[in-house]
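Per-entry structural report
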Amino acid sequence: MNPILRIRRAFRDFGATSAQADEVTSAIDDIYVSRQQFEDRMARMFSEHRRQLLLEIIVVVSIAVGVILAFVA
């Protein structure tokens, strides 16, 4: 079951009216990050880090090749 619906049910069990429970769950839902949103955010972060790492490796290898060619020539 959706966590937001469980929270709504818990508020109803504690005696809140339906409108109060809806208001609280609506407020929580605005700031609550779903599992899919979290996984998408993590995938974007890892993708960005991989791109940065690849760029850094390319720069380091390029510098190394330049230094080797400078000594050989």
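Below, the structure is looked at part by part.

Definitions and cut-offs
Residues numbered from 1 in each chain as written. Predicted model: local features only at pLDDT ≥ 70, side-chain atom pairs only at ≥ 80, totals over all residues. Heavy atoms only, no water. Helix = DSSP H or I, 4+ residues; strand = E, 2+ residues; numbered from the N terminus. Buried < 20%, exposed > 50% of the residue type's maximum accessible area, 1.4 Å probe, protein only. Areas by Shrake-Rupley, 256 points an atom, 1.4 Å probe, with all protein chains shown as cover. Lys, Arg positive; Asp, Glu negative; His and termini not counted. Charge placed at Lys NZ, Arg CZ, Asp CG, Glu CD. Salt bridge = Lys/Arg side-chain N within 4 Å of Asp/Glu carboxyl O. Patch = residues over 30% accessible without salt bridge, like charges linked within 9 Å, V, L, I, M, F, W, Y side chains within 5 Å. Axes fitted to C-alpha atoms, helices over the stretch in contact; angles between N-to-C directions. Left-handed = near helix turned anticlockwise from the far one by under 90°. Contact = heavy atoms within 4.5 Å. Nonpolar A, V, L, I, M, F, W, Y, C, P; charged D, E, K, R; others polar.

This part takes up the overall build of the protein chain. Summing up its helical and strand segments, the protein chain has three helices and zero strands in all. Along the first, second and third principal axes, the C-alpha atoms of the protein chain reach 85 × 20 × 15 Å. The burial tally for the protein chain puts 5% of its 73 residues in the buried class. Of the roughly 6400 Å² of accessible surface on the protein chain, a fraction of 64% belongs to carbon and sulfur atoms. Between the centroid of the 9 positive side chains of the protein chain and the centroid of its 9 negative side chains there is a distance of 5 Å.

On to the pattern of salt bridges, then. Applying the stated criterion to the full structure yields one salt bridge. A salt bridge links Arg8 to Asp22, with the nearest nitrogen and oxygen atoms 2.4 Å apart. In this pair, Arg8 sits in helix H1 (residues 3–13) while Asp22 sits in helix H2 (residues 18–31), placing the two residues 14 residues apart along the sequence. By relative accessible area, Arg8 is classed as partly exposed at 23%. The class of Asp22 is partly exposed, set by a relative accessible area of 36%.

We now examine the environment of Ser62. Mapped onto the fold, Ser62 is located in helix H3 (residues 35–72). Each C-alpha atom, one on Ser62 and one on Phe11, is 61 Å from the other, the two residues being 51 residues apart in sequence.

In this section: a nonpolar patch on the surface. A cluster of nonpolar side chains, namely Leu53, Ile57, Val61, Val65 and Leu69, defines an oily patch on the protein surface of about 440 Å² accessible area. In this fold, Val61 is placed in helix H3.

What follows covers the packing of H1 against H2. Following both chains from N to C, one finds H1 and H2 inclined at 145°, their axes separated by 9 Å at the closest point. Where H1 crosses over H2, the two elements pack in a sense that is right-handed. Each of Ile4, Ile7, Arg8, Phe11 and Arg12 in H1 lies in contact with H2, whose residues at this interface are Ser18, Ala21, Asp22, Val24, Thr25, Ile28 and Asp29. Partitioning the contact of H1 with H2 into residue classes produces six nonpolar, two polar and four charged.

Just geometry here; none of it tells us what the structure is for.
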